[in-house]
Structure formats: structure tokens, C-alpha cells
Amino acid sequence: MKKRLLSLMMCLVLAGGVMSGCSPKTTGADAADTVKEAEAPKAADAEQTETAASDEPVTITIFQNMPEYTDAINAYIEEYKKVKPNVTINLEITQSDYPTMLKAKINSGEIPDVFATTAGGEIEAYAEYSYDLSNEPLAAAMTDAVKVNMSYDGKVYGFPIKSNTFGMIYNKELFEKAGITAPPKTLSELEAACEKLVAIGVKPFTTGYKEWWVQKHVFQHFFDAAQPDDVGGLVKEFIAGKAKFADYPTINDNFFKFVDLAVKYGDDKPLETDLSAEIAAFATGKAAMICGQGPWVEADILKINPSAQIGFTGYPVSENPADCVIIAGADQALRINKDSKVLKEVVELYNWLYTSDYGKKWFSEVAQVIPPIKDAPIPNLQIPTAMQEILKTEKAGDLYINYSLDSFHQKFGEIIQSYIAKAYTKEQAIKEIEAVWPQLGVAQ
Amino acid sequence: MQLGQKNKMKLENLSFVGPCLILVGIMVYLPFVMSMYYSMTKWNGIAKEPIFIGFQNFINLFTGDQNFVRSILFTAKYSILFIVVVNIISLLLAVALVKKLKTANILRAIFFIPYIMSMIIVGFIWRFIFSQGFASLQAMTDWGIFKLSWLGDTKLAFYSIIIVSIWQAVGFYMVIYIAGLQAIPDDVLEAATVDGAGGSYRFFHVVLPLLGPSITTCIFMSLTNSIKVFDIILALTGGGPGGTTYSVTLDIYREAFQNNNYGLGAAKSLVLFVIVLALTTFVLHIFKKKEVEM
């Protein structure tokens, strides 16, 4: 009998545990209400007590991707403790499936104070959750290219922790050995350079064509050349189904010419080379040029070959050397939850990161990224330095990838893969791209 | 007195089953019912309020969505090949390994080990073998088979996935067949031998019919597992090259979480549910009928 009673009680305890699992949500909401009520009178006389109020202990939750910068992010969090000892920051970083996890958090009502999305289309998708930063000092500090990438409807909804650049990466030593004096700027120069590289027994290209996103990175150079002044506008035309590939020779012919060249002079199994295979082939000197990558591969290349001489240039997209430009801007954004309970502290934190002396140095020295802000030093790395050199004399292209959703870019990558696998002709590929762009290009 | 005892029993049963029932309800049935609702909405998984659109998602699914139809065909092709091959191989292995070999135990372990590993890890191991491993082997032997692009060719990628999933799963079905074989009483087999049945006759007319329950289990399991195939494709090809290796589950995942069409994704998963339900009941019914009593 005693035993029975015991087991019955155990069951009740278990069942109780299940029940309590559901309850925090309501208490959480209650707590939120009480906090709001408590804050209401404070806001009224905020003017007198502002300094006093900001000394109270607060906790900021950051939930973001990009684990490669975990150490750097922890460094600025550490530093901020010295500035504001009362602020505790909970950092949660994940890579795999970040968007899914973020959606789960949002749907369960636990929106983190700071979260990450991609720039462009997602700026709009998450706008109803994001704080408008237009009038904050950090928006004023951004470079113009970055600000455009962070804006929707004229308002700044996010800020990046790095600026990015896209272009073709090549091995300077191999180019020299093959007798190529300047990086190729036109498609015929590119073909000639490939022949020269083959002559010294080097594979000209490593393509990474297993990765669908490689295609969008390469394609954007060709797309930018199609209508350099209004890239976003042309994307809209394609999404509306009005524009046709046939009207723009750089994307209709030259892009496919480039893909053919890269496959002809590239890896033995093009659709099996992924990012790491690509980096390995380049770093060991087996291949002279990398497709579709940017500054993020530099560290990994140097890990394999510390003395690698990395060159950086735009893709040859036509027979006009002026079309060959690199692309710069920001493709990732941090966002501030506009309903955050500690909104003021969060905004303060990132204004500090964007405008303080430490913050300005943080980008280039700690995170070693291209700063998204004006008048900050460039990190001492080969690709960013090359980018800075190029941008002294040339204009950078627009970030085409921001104007469509990744759903489209992924499908686009798959279509080009089918073209490489010879399952599609060029005409079939173009027809399908034109058909899926309106379906997948924008959130419906 | 007796009535009180009965009520007590009922209460006790309920208190043991209750917690599980609640958990399963919250984790399985509630999401299932909710996804029924979401399948009739237009929702991107982000917005605060889903928009109710009735059966529009299902209409779109069968009229405009080529991906879904393609992925159903892929899954059907995969399932048929997988069920047939995995059951034949595991049955052959089981027959070989119930013989009194000295190495039988070690061999059983060797064939079973891949099944313990997680599918994703198996996928990554084989991806490495297919790309880097085969490249090195090719450099050493110069055989044509290693020169083929096993994961990069649209036709070969399908067979690569089949090979790897069979390699991974065969141990599990083998164990079920071994258990079934060991349960067949020796006197039945001896009687068959005394009656003059030869080796192959004895296998096909005595052993195989008596294996009925094991065969039903294996066919049923391999059917459900192959329709739900997901992680091994994700790790091996990610749906590539050119989107030719999308299974239904991978297509649902892409629709709901990458394309942000949560409503359409939920509609697709409901269609998959109906297909799985219909198929498994049908198959189970047929095989149950054919089983013989021992």
C-alpha cells in the first residue's frame, strides 16, 4: 500500500512538472506587465533621474549567427563592462539553422533584444520587430553603401558588424610565374590568362560549384554590369516578370560564357567541389583563381599556406575593362527588438560600438573585418587592403544579392548546377530563372 | 469491494499513462492539429498573424508546384529500390550469419555498427569518401570508377544516396531477420530434411514462409523509413546537383524554413502524411494476410 502511494505521488510530481513547463509563459507576461508599470512613472520624470536609472543592473540578450566572430564579440562585451559595469550581456551564437531558431524564438514570444538577419529582403520581413535607428548616432556613422543595405522605406532598421566585399581571388605568384602581368579585365583576357596558366601546369580555376551560393556571388558582377546605375530597380523588373535576359547581354551571354570557361579550365568534378575543397586547391597552389568567395576565406587559406600571396580583383564580365569592378556593402545585419525591455541600454551599447575610439579600432584590430563605418582603419589583411586600393580609383558595384530572397538565389544556383551538369541548355536555364524569379524573389 | 478495486486500478493506470499521454499530446498531436490549421494559411513563419486562405495551398500544390511532384517521384523511386535491395541483402546476410561460423559474432557487430552512427555523420563520412577519398584512390590506381563524379552527376548522385543508405541500414534489418531465423524450431527443419527437401527447396518453402512476421516488420520499417528519408540526403548532396535529389521531406523543409512558406510547407507535410498512412496500411494488410502460423 505504501509503495502504491509512493508511486502515485511520483506520478503526480511528474505530471506537475509537465504542467509547470507550460506556466512560465503566463508568469513571464505578467512580469513584463509589472515591469512596464514600474517603468511608467520612471519615464515621466526621466529627465531628473536619467543618470540614476541607467546605473540599475540590466541584462541584454544577444542572439546571432556568425560564430567565427565569437571571440571578437566577447572582446567588445568585456570592454563594455568597463564602460557600463551595470550591464550584463547574454550572448548566444549559433550557426546551424539560425533562421529557423530565430523564427521559433519569435513565435514563442521570446524575442531576443538583439538578433541577426540578412540584409536586403529580410530587412523588410522583420521590420515589424525592429527598432528604427535612423536618428541614432550609429546610423550617421555608417558608410553610405552599408546604410543603403540596412534601410527599408527610408528607415535604418539594422546595423552590420562587418562590411563585405566580393570579387575574384587569385594567386599572385602563379600569375607571375605564368607571365600574366595584370589581372584579366575582359573575358578574352581571362581566356588568354587561363591558357597561360595551363601552359605552366596549373589549373586556372577552382569553382566550388557544389555550393549554390557561389553562383549568386559570381552572378552579381554580371548583373551589376547589365544596369550599373539601378541594380535594385532592374531586379524589381525581373521580379515583376517584365525584364528579359535577352535584353542584357552580360547576363544573357557573358555569364554563361564565364561558367563554361570556369568549368573547362576548372576542377575535374566541378559539382563536387565545395568550399573547403576550393580553399584547399587554392591554398596548395593547385588552382590559381577562386570563384564566388570573398575576404572570409583569407584566414583559412593562410592557415594552410601562411606565405600565400592573395590578389583580389573584379570579375571580367564583358569586353569592356571598365565593367570589371569589385562589389562592396553589407549582407548581414544585427537588429534591435523594438519591444525590448532594455531598449535604451541596447541602443546605447551599439552607439558606443560604432562611435567610441575602442569601437572604431574593434572592427579592424579585434574582429579583423572591413569596418562598416566611416573613417575607421582597414584591417591589415590582403583582401581588405586590396579592396581599399581598388576603391581609391574605382567605384564599387552594388550588392545585387540583397535585392532578392535567398529562396530565389538557391533555386538560381540549382538551375546553374543543372546547366553545368548539362541537364539544361542555356535557353532552358534562362527560361526557368525568369519563371522562378517572380515566385521566389520576394516574400509573398 | 470488487468495484472499488477496479476503480482503483483504473486510477492507477491513468496515473502511469497520464504524464506520457500529456507529453505526447503536447509534442506530437497538438503540433499535428496546429499544422492542419497552418496548412490553410499563408504564413511566412515570421509575421505575427497568419492569413487564412482556405484550401488555396493544396490547389497550388497540385497545379503549380513542380518541385513537389518531382520530389514525390524521387522518393518513390528511392523507396522501391531501397526496400527491395535492403531486404534482399539483409536476408542473405542473416542466413549466412546464423550458420555456426567462428566469426559470426564479430561479423554481426561489423554489419550493425553503421546503424548506431547518426545518419548525418554517416553522410559526412561518405561525402568525404566520395570526393577526397575517391580522388586519392584515383591517383593511386587510375581506375575509371573513381574518376566518376559520384555526387556531382545528376544520375549517379541518386545511386550514391541509395548505396550509402543501404550500407547504413542493412545491419538493423539483418538483426530482425536473424532473430526470426533463430526462432524457427529445429524439428520443423529436420522434418523437412527427412521428407527429402533439398537446401533451396527447404529455404523457399519452409524457412521463408515461417519468416513471415520478420518480413512484415522489415518491409514495414523500410517503407516508412525510406519515405521519410531526409538527413542522409542533406549531408551527402543537400538536394543537389541542380536540385535532382530532393526527397519529399527535404522539399518540405526547404519550403517551410528556407523559402519561408510555412503554410505551403504544412500543406505538403499533410499530403505526405496521407500518402504514408495509405501506403503503410495497404502494405501491412497484404503481408499480414500472407503470414502463416507456426
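Residues numbered from 1 in each chain as written. Chains lettered and ligands numbered in written order. Predicted model: local features only at pLDDT ≥ 70, side-chain atom pairs only at ≥ 80, totals over all residues. Heavy atoms only, no water.

### So, the domain arrangement of chain A
In step 1: Domain boundaries in chain A define domain 1 (55-161 + 330-366) and domain 2 (168-325 + 404-440).
In step 2: Between the C-alpha centres of domain 1 of chain A and domain 2 of chain A there is a distance of 32 Å. (Domains from an automatic or database assignment.)

### What to know about the pattern of salt bridges
In step 1: This structure, assessed with the given rule, holds 16 salt bridges over all chains.
In step 2: Of the charged contacts in the structure, one is a salt bridge between lysine 185 of chain A and glutamate 394 of chain A, with a shortest N-O distance of 3.2 Å. Residue lysine 185 of chain A is located in the loop between helix 9 (172-177) and helix 10 (187-199), and its partner glutamate 394 of chain A is located in the loop between helix 18 (382-393) and helix 19 (406-420); the two are separated by 209 residues in the primary sequence.
In step 3: Of the residues examined, glutamate 394 of chain A reaches a relative accessible area of 30% and is grouped as partly exposed.
In step 4: Each of Glu414 of chain A together with Asp251, Arg254, Glu255 and Lys268 of chain B takes part in salt bridges that share partners, so that together they form one network. (Salt bridge = Lys/Arg side-chain N within 4 Å of Asp/Glu carboxyl O. Helix = DSSP H or I, 4+ residues; strand = E, 2+ residues; numbered from the N terminus. Buried < 20%, exposed > 50% of the residue type's maximum accessible area, 1.4 Å probe, protein only.)

### Remarks on unusual backbone geometry
In step 1: The phi dihedral of methionine 66 of chain A falls on the positive side, at around 65°, and the residue is not glycine.
In step 2: By the secondary structure assignment, methionine 66 of chain A is in the loop between strand 1 (58-64) and helix 4 (70-83).
In step 3: Even without a glycine there, the phi angle at aspartate 142 of chain B is positive, about 65°.
In step 4: Along the chain, aspartate 142 of chain B falls in the loop between helix 5 (119-141) and helix 6 (144-147).

### A short note on empty space enclosed by the protein
In step 1: For the structure shown, the criterion picks out one cavity of 30 Å³ or more.
In step 2: The computed volume of the largest cavity comes to approximately 30 Å³.
In step 3: Around the largest cavity sit Lys411, Glu414, Ile415, Ser418, Tyr424 and Glu432 of chain A together with Arg70 and Gly242 of chain B, which together line it.
In step 4: The biggest single contributor to the lining of the largest cavity is helix 19 of chain A, with four residues.
In step 5: Here the residues of the lining of the largest cavity are counted per class, giving two nonpolar, two polar and four charged. (1 Å grid on protein atoms, 1.4 Å probe; cavity = no way out; pocket = protein on both sides within 12 Å on 5 of 7 lines; lining within 4 Å. Points joined across faces, edges and corners; volume = space filled by probe spheres on them. Nonpolar A, V, L, I, M, F, W, Y, C, P; charged D, E, K, R; others polar.)

### Digging into the environment of lysine 341 of chain A
In step 1: Topologically, lysine 341 of chain A is positioned in the loop between strand 12 (332-336) and helix 16 (343-355).
In step 2: Along the backbone, lysine 341 of chain A and valine 58 of chain A are 283 residues apart, and their C-alpha atoms lie at a distance of 9.4 Å.

### Quick notes on the environment of glycine 329 of chain A
Residue and element names in this part refer to chain A.
In step 1: Locating glycine 329 in the fold gives a position in strand 11 (residues 327-329).
In step 2: Owing to a relative accessible area of 2%, glycine 329 belongs among the buried residues under this scheme.
In step 3: In sequence terms glycine 329 and threonine 117 are 212 residues apart; their C-alpha atoms lie 15 Å from each other.
In step 4: Ignoring any residue separated from it by four or fewer positions in sequence, one finds glycine 329 in contact with Asn149, Ser163, Asn164 and Leu399. (Contact = heavy atoms within 4.5 Å.)

### As for the sheet that holds strand 10 (residues 310-313) of chain A
Residue and element names in this part refer to chain A.
In step 1: Reading across the sheet, the four strands line up as 8-9-7-10 and stay open at both edges, with mixed pairing between neighbours. Edge strands, defined here as strands with exactly one partner in the open sheet, are strand 8 (203-206) and strand 10. Strand-to-strand twist of the sheet, defined as the mean angle between neighbouring strand axes without regard to direction, takes the value 30°.
In step 2: Where strand 7 (residues 168-171) meets strand 10, four bridges bridge the pair, whose relative direction is antiparallel. Bridge assignment links isoleucine 169 to a residue of strand 10, and that residue is phenylalanine 312.
In step 3: Relative to strand 9 (residues 287-290), helix 14 (residues 275-283) is tilted by about 135°, and along the sheet it contacts strand 7, strand 8, strand 9 and strand 10. (Pairing = 2+ DSSP bridges. Axes fitted to C-alpha atoms, helices over the stretch in contact; angles between N-to-C directions.)

### Details of helix 20 (residues 426-440) of chain A
All names here are of chain A.
In step 1: End to end, helix 20 covers 21 Å across 15 residues, agreeing with the expected 21 Å (1.5 Å per residue, within 8%).
In step 2: Among all positions of helix 20, only Ala429, Ile430, Glu432, Ile433, Glu434, Val436, Trp437 and Leu440 are buried.
In step 3: For helix 20, the secondary structure elements touched by its buried residues are helix 11 (212-226), helix 12 (231-239), helix 13 (249-264) and helix 19. (Expected span 1.5 Å × (residues − 1).)

### Concerning the sheet that holds strand 2 (residues 87-93) of chain A
All names here are of chain A.
In step 1: Pairing is mixed in the open sheet, where four strands are placed in the order 2-1-3-12. Only two strands of the sheet have a single neighbouring strand rather than two, namely strand 2 and strand 12. Along the sheet, successive strands turn relative to each other by an average axial angle of 25°, direction set aside.
In step 2: Packing of helix 4 onto the sheet brings it into contact with strand 1 and strand 2, and relative to strand 2 it is tilted by some 175°.

### Brief notes about the packing of aromatic side chains
In step 1: Applying the stated criterion across every chain, the model contains 59 aromatic pairs over all chains.
In step 2: Aromatic pair phenylalanine 238 of chain A and tryptophan 437 of chain A: ring centres 4.7 Å apart, planes at 15°, arrangement stacked. Of this pair, phenylalanine 238 of chain A sits in helix 12 while tryptophan 437 of chain A sits in helix 20; the two residues are 199 residues apart in sequence, bridging distant segments of the chain. As far as burial versus exposure is concerned, phenylalanine 238 of chain A and tryptophan 437 of chain A are alike and both buried.
In step 3: Aromatic pair phenylalanine 172 of chain B and tyrosine 173 of chain B: ring centres 5.2 Å apart, planes at 75°, arrangement edge-to-face. The same class applies to phenylalanine 172 of chain B and to tyrosine 173 of chain B, which are both buried.
In step 4: Directly above the aromatic system of phenylalanine 63 of chain A lies the positively charged group of lysine 105 of chain A, at a separation of 4.7 Å from the ring centroid.
In step 5: Positioned above the aromatic ring of tyrosine 246 of chain B, the side-chain terminus of arginine 254 of chain B is 3.7 Å from the ring centre. (Phe/Tyr/Trp six-rings, centres within 6.5 Å; stacked < 30°, edge-to-face > 60°. Lys NZ or Arg CZ within 6 Å of the ring centre and 35° of its normal.)

### Focus on the interface of chain B and chain A
In step 1: Residue-level contacts link 43 residues of chain B with 33 residues of chain A.
In step 2: Taken together, both faces of the contact between chain B and chain A bury some 3,200 Å²; the carbon and sulfur share is 50%.
In step 3: Between the two partners, chain B and chain A, sit two salt bridges.
In step 4: Where chain B touches chain A, the interface holds 15 residue pairs in polar contact (both at pLDDT 80 or more).
In step 5: At the level of elements, helix 1 (2-38), helix 3 (66-97), helix 5, helix 6 and helix 12 (248-258) of chain B are the ones that each hand at least two residues to the side of chain B that touches chain A. (Buried area = accessible area lost by both parts, 1.4 Å probe. Polar contact = N/O pair within 3.5 Å; in protein donor to acceptor, adjacent residues only side chain to side chain.)

### Examining the packing of helix 13 of chain A against helix 19 of chain A
Residues and elements named next belong to chain A.
In step 1: Remark: helix 13 packs on helix 19, axes separated minimally by 11 Å, with the N-to-C direction vectors making an angle of 60°. By the criterion of interaxial angle, the relationship of helix 13 to helix 19 is oblique. Judged by the twist between their axes, the crossing of helix 13 over helix 19 is right-handed. Side by side, helix 13 and helix 19 meet where Phe255, Phe256, Val259, Asp260 and Val263 of the first sit next to Phe412, Ile416, Tyr419 and Ile420 of the second.
In step 2: Split into classes, the residues belonging to the contact of helix 13 with helix 19 amount to eight nonpolar, no polar and one charged. (Parallel < 35°, antiparallel > 145°, perpendicular 65-115°, else oblique. Left-handed = near helix turned anticlockwise from the far one by under 90°.)

### Quick notes on the pairing of strand 2 of chain A
Successive residues of a regular strand alternate their side chains across the two faces of the sheet.
Residue and element names in this part refer to chain A.
In step 1: For strand 1 and strand 2, the ladder comprises seven bridges, and the chain directions are parallel. Following the sheet pairing, glutamine 64 is matched in strand 2 by isoleucine 93.
In step 2: Each parallel crossover has a hand, and the one from strand 1 via helix 4 to strand 2 is right-handed. (Right-handed = clockwise from strand over helix to strand, strands pointing away.)

### With respect to the confidence of the model for chain B
In step 1: Looking at chain B, pLDDT values average 88 and 98% of them are 70 or higher.
In step 2: Complex prediction metrics read pTM 0.76 and ipTM 0.74. (pLDDT = per-residue confidence, 0-100.)

### What about the packing of helix 10 (residues 212-227) of chain B against helix 13 (residues 262-290) of chain B?
All names here are of chain B.
In step 1: The interhelical angle for the contact between helix 10 and helix 13, taken along N-to-C directions, is 165°, at an axis separation of 10 Å. As the angle between them shows, helix 10 and helix 13 are arranged roughly antiparallel. For the crossing formed where helix 10 meets helix 13, the hand is right-handed. Taking contact as the criterion, the partners of Ile215, Thr216, Ile219, Phe220, Leu223, Thr224 and Ile227 in helix 10 are, on helix 13, Leu272, Val276, Leu279, Thr280, Val283, Leu284 and Phe287.
In step 2: A class-by-class count of the residues in the contact of helix 10 with helix 13 yields eleven nonpolar, three polar and no charged.

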